[in-house]
Amino acid sequence: MSDTTPDGAVALSTPPSADDGLSPAELAAKYGLTVSGARPGLFEYIRQLWGRRHFIMAFSRAKLTAQYSQAKLGQLWQVATPLLNALVYYLIFGLILGTRKGMTQEVFIPFLVTGVFVFTFTQSSVMAGVRAISGNLGLVRALHFPRASLPVSFSLQQLQQLLFSMIVLGVVAVVFGSYPSPSWLLIIPALAMQFVFNTGLALIMARLGSKTPDLAQLMPFVMRTWMYASGVMFSIPVMLKDKPAWIADVLQYNPAAVYMDLIRFALIDGYGTENLPAHVWMVALAWALVVGLVGFVYFWKAEERYGRG
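Residues numbered from 1 in each chain as written. Predicted model: local features only at pLDDT ≥ 70, side-chain atom pairs only at ≥ 80, totals over all residues. Heavy atoms only, no water.

Caption draft 1: Representation of the side chain of S60 within the structure. For S60, the location among the structural elements is in helix 3 (residues 53-67). Contacts of S60, omitting those with residues within four sequence positions, involve S153, L156, Q157 and Q160. (Helix = DSSP H or I, 4+ residues; strand = E, 2+ residues; numbered from the N terminus. Contact = heavy atoms within 4.5 Å.)

This is the structure in structure tokens:
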């Protein structure tokens with residue numbers, strides 16, 4: 001269309017568009033546009049995460065392989081590190097401080113090694129979770145994928161590392177008189193629940209660590225305190241028998257102590273039910289479900305903010 005201006009020139013006019021008057025939201029809906037990096041619904045997010053399961057497995061295996069690639073002993077350090085820690089704790093707590101009260105040598109050494117290995121599983125998952133986003137910003141910003149893949153894969157990496165350690169743990173148990181029996185099968189559900197708990201905790205720490213990188217410097221002190229409060233090196237009910245009963249109850253029902261005690265009970269012949277708090281399997285399941293679900297939802301809520309700013 002054209003019109004003549006007062007000075008005789010010809011002016012062209014643009015025909016009205018069908019999009020005139022539409023708001024940005026209406027335009028996006030009309031043409032099927034979505035916000036880049038927008039958080040999907042919870043069930044859609046779970047579907048996307050399941051679709052990346054092969055990436056999660058491959059990423060965890062690659063991290064596990066690369067962890068000690070520069071060391072001459074390589075993957076042997078996966079087992080040697082917690083074993084050396086257990087040796088140090090035995091010298092300090094077992095021999096010097098005498099924390100094996102109420103336990104024979106045949107029970108105390110598997111008890112100690114089990115505690116170190118199992119607590120290291122939780123400790124390493126938490127520490128890896130803190131750095132899951134902040135330590136992989138290049139990957140987060142370059143590719144579009146469910147960000148929960150990272151903390152989940154790190155927890156899976158720690159589970160694979162623990163499974164190597166469990167072979168050594170079984171040997172230690174046999175050397176000190178605890179032979180394979182049907183009770184050893186209880187290790188499977190105990191580790192499964194601990195993995196779910198660790199993954200939920202790693203997801204929580206991943207979100208917190210993504211905005212507060214300094215949290216990675218604080219967490220070693222938090223984890224060390226948690227370790228000393230969880231009975232890794234001593235029996236909580238025996239060491240606290242002269243203290244108010246509620247203190248021992250609080251420490252025994254904390255999740256790290258619960259999962260350690262379940263695996264000790266399954267593995268060590270001389271570690272009976274009298275060492276376990278009441279309803280310990282239900283408590284272990286409750287910790288896994290609550291922390292696992294809360295951690296997943298808490299992480300998902302901030303999905304669109306990871307790697308920005």
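Caption draft 2: Representation of helix 3. A rise of 1.5 Å per residue sets the reference length of helix 3, with its 15 residues, at 21 Å; its end C-alpha atoms lie 21 Å apart and thus fit the reference within 8%. Listed in full, the buried residues belonging to helix 3 are I56, F59, S60 and L64. For helix 3, the angular spread of the buried residues around the axis is 130 degrees, confining them to a single face. Exposed positions of helix 3 whose direction lies more than 90 degrees from the buried face are H54 and T65. Packing partners of the buried residues in helix 3 comprise helix 2 (42-51), helix 4 (77-96), helix 6 (137-142) and helix 7 (149-175). (Expected span 1.5 Å × (residues − 1). Buried < 20%, exposed > 50% of the residue type's maximum accessible area, 1.4 Å probe, protein only. Arc of directions from axis to C-beta.)

Caption draft 3: Structural view of the packing of helix 4 against helix 7. Between helix 4 and helix 7, the shortest axis-to-axis distance is 9 Å and the interhelical angle comes to 65 degrees. In the crossing of helix 4 with helix 7, the sense of the turn from one axis to the other is right-handed. Here helix 4 contributes Q78, V79, P82 and L83 to the contact with helix 7, which in turn contributes Q161, F164, S165 and V168. Per-class residue counts for the contact of helix 4 with helix 7 are five nonpolar, three polar and no charged. (Axes fitted to C-alpha atoms, helices over the stretch in contact; angles between N-to-C directions. Left-handed = near helix turned anticlockwise from the far one by under 90°. Nonpolar A, V, L, I, M, F, W, Y, C, P; charged D, E, K, R; others polar.)

Caption draft 4: Seen up close, helix 2. Taken together, the buried positions of helix 2 are Y45, Q48 and L49. Seen along its axis, helix 2 keeps its buried residues to an arc of 100 degrees; they face one direction. Residues of helix 2 that are exposed and point more than 90 degrees away from the buried face comprise F43, R47 and W50. For helix 2, the secondary structure elements touched by its buried residues are helix 3, helix 7 and helix 13 (280-301).

Caption draft 5: Up close: the environment of V116. You can see V116 is positioned in helix 5 (residues 105-130). With relative accessibility at 3%, the residue V116 sits in the buried group. When the C-alpha atoms of V116 and L87 are compared, they prove to be 10.0 Å apart, with 29 residues separating the residues in sequence. Ignoring sequence-local partners within four residues, the contact set of V116 consists of P82, N85, A86, Y89 and V232.

Caption draft 6: Focus on a nonpolar patch on the surface. On the surface, L84, L87, V88, L91, I92, L95, I96 and L97 cluster together to form a nonpolar patch covering roughly 750 Å² of accessible area. Locating L97 in the fold gives a position in the loop between helix 4 and helix 5. (Patch = residues over 30% accessible without salt bridge, like charges linked within 9 Å, V, L, I, M, F, W, Y side chains within 5 Å. Areas by Shrake-Rupley, 256 points an atom, 1.4 Å probe, with all protein chains shown as cover. Salt bridge = Lys/Arg side-chain N within 4 Å of Asp/Glu carboxyl O.)

Caption draft 7: Geometry of the nonpolar core. Counting 85 residues, the largest nonpolar core has F119, L150, M219 and F299 as the members making the most contacts within it. The biggest single contributor to this core is helix 5, with 15 residues. When neighbours within four sequence positions are excluded, F119 is seen to be in contact with M223, W226, M227, S230, V232, A256 and M260. (Core = buried A, V, L, I, M, F, W, Y, C linked by side-chain atoms within 4.5 Å.)

Caption draft 8: Fine view of the packing of aromatic side chains. Per the stated rule, a full pass over the model turns up 11 aromatic pairs. Ring geometry for F299 and Y306: centres 4.5 Å apart, planes at 25 degrees, overall stacked. Across the pair, exposure class does not vary: F299 and Y306 are buried alike. Three or more aromatic residues joined by ring pairs make a cluster, and in this case those are F55, F59, F145 and F154. Across the ring face of F145, the terminal group of R147 is positioned such that the distance to the ring centre comes to 4.8 Å. The ring of F111 has R264 sitting right over it, with the charged end atom 3.5 Å from the ring centre. (Phe/Tyr/Trp six-rings, centres within 6.5 Å; stacked < 30°, edge-to-face > 60°. Lys NZ or Arg CZ within 6 Å of the ring centre and 35° of its normal.)

Caption draft 9: Region of interest: a positive patch on the surface. Together, R39, K211, K301 and R305 make up a region of like positive charge exposed at the surface. Counting through the fold element by element, R39 comes out in the loop between helix 1 (24-31) and helix 2. (Lys, Arg positive; Asp, Glu negative; His and termini not counted. Charge placed at Lys NZ, Arg CZ, Asp CG, Glu CD.)

Caption draft 10: Geometry of the environment of S60. For S60, a relative accessible area of 1% translates into the label buried. C-alpha of S60 to C-alpha of V152: the two residues are 92 residues apart in sequence and 8.8 Å apart in space.

Caption draft 11: Fine view of the pattern of salt bridges. Per the stated rule, a full pass over the model turns up two salt bridges. For R47, the salt bridge identified is with E44, shortest N-O distance 2.6 Å. You can see R47 and its partner E44 sitting in helix 2, three residues apart, about one turn around the helix. Look at E44 and you get partly exposed, because its relative accessible area is 29%. Among the ionic pairs, R264 bridges to D261, the shortest N-O distance being 3.4 Å.

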